[in-house]
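# Structural features, examined
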Amino acid sequence: MLNIGCHLSSSNGFVAMAQNAISIGANTFQYFTRNPRGGRAKEIDHDDLKKFLEIGKNNNFTSIIAHAPYTMNLCSSDEKIRIYSKNLLKDDIEKTELIPNVYYNLHPGSHTGQGVKTGINQISASINEIITKSQNTILLLETMAGKGSEIGGNFEEIAAIINQINIKEKIGVCFDTCHVYDSGYDIVNNLENVLEKFDKIIGISKLKVVHLNDSKNICGSKKDRHEKIGQGNIGLNGIINIIKNKYLRNLIFILETPQENLNGYKDEISNIKNHLN
Ligand code: FE
Ligand code: FE
Ligand code: ZN
């Protein structure tokens with residue numbers, strides 16, 4: 001069974017997101033835990049959450065994905081931002097703990113001049129301070145395009161973070177197709193090779209979620225500009241290949257393509273499903 005959904009606005013709560021997901025043929029979704037550009041997290045409405053869990057069960061939902069805001073940077077050169085980010089992570093995980101099947105996706109961070117090694121040390125140290133053996137939330141480190149001083153633009157950096165994490169069973173990886181492609185892995189012509197590399201360096205069992213995006217730019221551009229499925233340089237065939245791949249087909253696929261409204265996602269999901277038959 002294909003597990004697919006898209007990024008949705010969380011402004012009307014969990015029930016609204018579930019209803020939107022169902023209306024476009026999805027059985028999961030991703031949402032920002034708070035305004036992506038910063039600000040306070042909305043308090044969880046327990047009644048809304050309870051109703052959502054019921055809807056999810058009745059509609060065979062798989063795990064949902066909470067995405068950290070872009071303002072989180074666990075390895076900023078500014079200590080104030082590092083502390084803010086660590087508190088934000090702690091606060092967000094307290095909230096995702098209310099949801100039984102959830103992944104918490106975060107961008108590893110940008111070292112802002114401190115160097116990759118220092119950045120990796122700071123990211124893993126902060127995560128080690130916060131995660132616990134008893135939590136059910138699994139953190140996902142997202143593969144990045146490698147723009148600016150972003151960490152996670154190659155598999156080695158992701159592996160280096162995970163290697164320094166004490167409770168490794170609470171850490172997984174999210175494979176963003178646009179980011180991986182832009183960072184220089186040719187998933188159009190050499191998907192098998194790229195995934196074998198991933199397996200050797202990180203371990204394929206760490207892979208839990210795929211962010212399914214086409215790319216406006218070419219492989220190795222290090223740009224990170226998402227495109228609609230089939231309208232970028234990965235192309236519809238490339239995307240379908242990714243979904244059908246034996247290592248990936250049972251994972252959760254989340255569309256983060258630029259769409260004006262829900263209908264755009266609905267069309268992409270039905271187009272993808274048609275190509276799988
Ligand atoms: Fe992301
Ligand atoms: Fe992404
Ligand atoms: Zn992106």
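To be clear, the structure that these remarks concern was listed above.
Scope of this entry: the structure provided in the associated data block. Since the model is a prediction, treat every value here as computed from it, not as a measurement. (Residues numbered from 1 in each chain as written. Chains lettered and ligands numbered in written order. Predicted model: local features only at pLDDT ≥ 70, side-chain atom pairs only at ≥ 80, totals over all residues. Heavy atoms only, no water.)

## Re the pattern of salt bridges
Inspection of every chain in the model, using the stated rule, returns eleven salt bridges. Arg-34 is paired through a salt bridge with Asp-92; the nearest N and O atoms lie 2.7 Å apart. Of the two residues, Arg-34 is situated in the loop between strand S2 (28-32) and helix H2 (46-58) and Asp-92 in helix H3 (residues 79-96); the sequence distance between them amounts to 58 residues. Here the two residues Arg-34 and Asp-92 agree in accessibility, since each one is buried. Ionic pairing is found between Lys-90 and Glu-94, a salt bridge with its closest N-O pair at 3.8 Å. Highlighted residues: Lys-90 and Glu-94, both in helix H3, separated by four residues, approximately one helical turn. (Salt bridge = Lys/Arg side-chain N within 4 Å of Asp/Glu carboxyl O. Helix = DSSP H or I, 4+ residues; strand = E, 2+ residues; numbered from the N terminus. Buried < 20%, exposed > 50% of the residue type's maximum accessible area, 1.4 Å probe, protein only.)

## Notes on the packing of aromatic side chains
Summed over the entire model, instances satisfying the criterion amount to ten aromatic pairs. Centre to centre, the rings of Phe-29 and Tyr-31 are 6.3 Å apart; their planes meet at 55°, and the pair counts as tilted. Neither Phe-29 nor Tyr-31 differs from the other in exposure class; each is buried. Relative to Phe-52, the ring of Phe-29 lies with its centre 5.7 Å away and its plane at 65°, an arrangement referred to as edge-to-face. Of this pair, Phe-29 sits in strand S2 while Phe-52 sits in helix H2, placing them 23 residues apart in sequence. Aromatic rings pair up to connect Phe-14, Phe-29, Tyr-31, Phe-52 and Phe-61 into one cluster. (Phe/Tyr/Trp six-rings, centres within 6.5 Å; stacked < 30°, edge-to-face > 60°.)

## Details of the coordination of the iron ion (ligand 1)
Every protein donor of the iron ion (ligand 1) is accounted for by His-67 (NE2), His-107 (NE2) and Glu-142 (OE), and the metal-donor separations fall at 2.1 to 2.3 Å. Between the iron ion (ligand 1) and the iron ion (ligand 2), a spacing of 3.3 Å is present, and a bridge between the two is formed by Glu-142. Taken together, the residues span a long stretch of sequence, with His-107 in the loop between strand S4 (102-106) and strand S5 (109-110) and Glu-142 in strand S6 (residues 138-142) at a distance of 35 residues. A residue is classified by how much of its surface remains accessible, and Glu-142, at 1% relative accessible area, is buried. (Donors = N, O, S within 2.8 Å, 3.2 Å for Na, K, Ca; no water.)

## Overview of the coordination of the zinc ion (ligand 3)
Surrounding the zinc ion (ligand 3) are the protein donor atoms His-179 (NE2), Asp-224 (OD) and His-226 (NE2), which sit 2.0 to 2.3 Å from the metal. Along the chain, the residues that donate to the zinc ion (ligand 3) are spaced as H-x44-D-x1-H. Between the zinc ion (ligand 3) and the iron ion (ligand 1) there is a metal-metal distance of 5.4 Å. By relative accessible area, which is 17% here, Asp-224 ends up buried.

## A look at the nonpolar core
In terms of nonpolar packing, the biggest core is built from 73 residues, with Phe-14, Phe-29, Ile-127, Phe-175 and Leu-212 touching the most fellow members. Contact partners of Leu-212, with chain neighbours within four places excluded, come to Ile-4, Thr-177, Ile-229, Ile-239, Ile-242, Ile-243, Phe-253, Ile-254, Leu-255, Glu-256, Thr-257 and Ile-272. Judged by nonpolar contacts, the second largest core, of eight residues, contains Ile-65, Ile-138, Leu-140 and Ile-252. (Core = buried A, V, L, I, M, F, W, Y, C linked by side-chain atoms within 4.5 Å. Contact = heavy atoms within 4.5 Å.)

## A closer look at helix H4 (residues 116-130)
Compared with an ideal rise of 1.5 Å per residue, which puts 15 residues at 21 Å, H4 spans 22 Å between its outermost C-alpha atoms and is within 8% of the ideal. For H4, the complete set of buried residues consists of Gly-119, Ile-120, Gln-122, Ile-123, Ser-124, Ser-126, Ile-127 and Ile-130. Where H4 is buried, its residues meet H3, S5, S6, strand S7 (150-151), helix H5 (155-163) and strand S8 (171-176). (Expected span 1.5 Å × (residues − 1).)

## A few points about the environment of Ile-269
Secondary-structure assignment places Ile-269 in helix H9 (residues 262-276). Through-space distance from the C-alpha of Ile-269 to that of Leu-255 is 8.7 Å; in sequence the pair is 14 residues apart. Setting aside residues up to four positions removed in sequence, Ile-269 forms contacts with Ile-4, Ile-24, Gly-25, Ala-26 and Leu-255.

## Comments concerning the sheet that holds S8
The strand order S1-S2-S3-S4-S6-S8-S9-S12 describes a closed barrel built from eight strands, whose pairing is parallel. Here the average twist between neighbouring strands, direction ignored, is 30°. Two strands pair when backbone bridges link them, and strand S1 (residues 3-7) and strand S12 (residues 252-255) are joined in this way by four bridges, in the parallel orientation. Residue Ile-4 lies in a different strand from S12, and its bridge partner there is Phe-253. (Pairing = 2+ DSSP bridges. Axes fitted to C-alpha atoms, helices over the stretch in contact; angles between N-to-C directions.)

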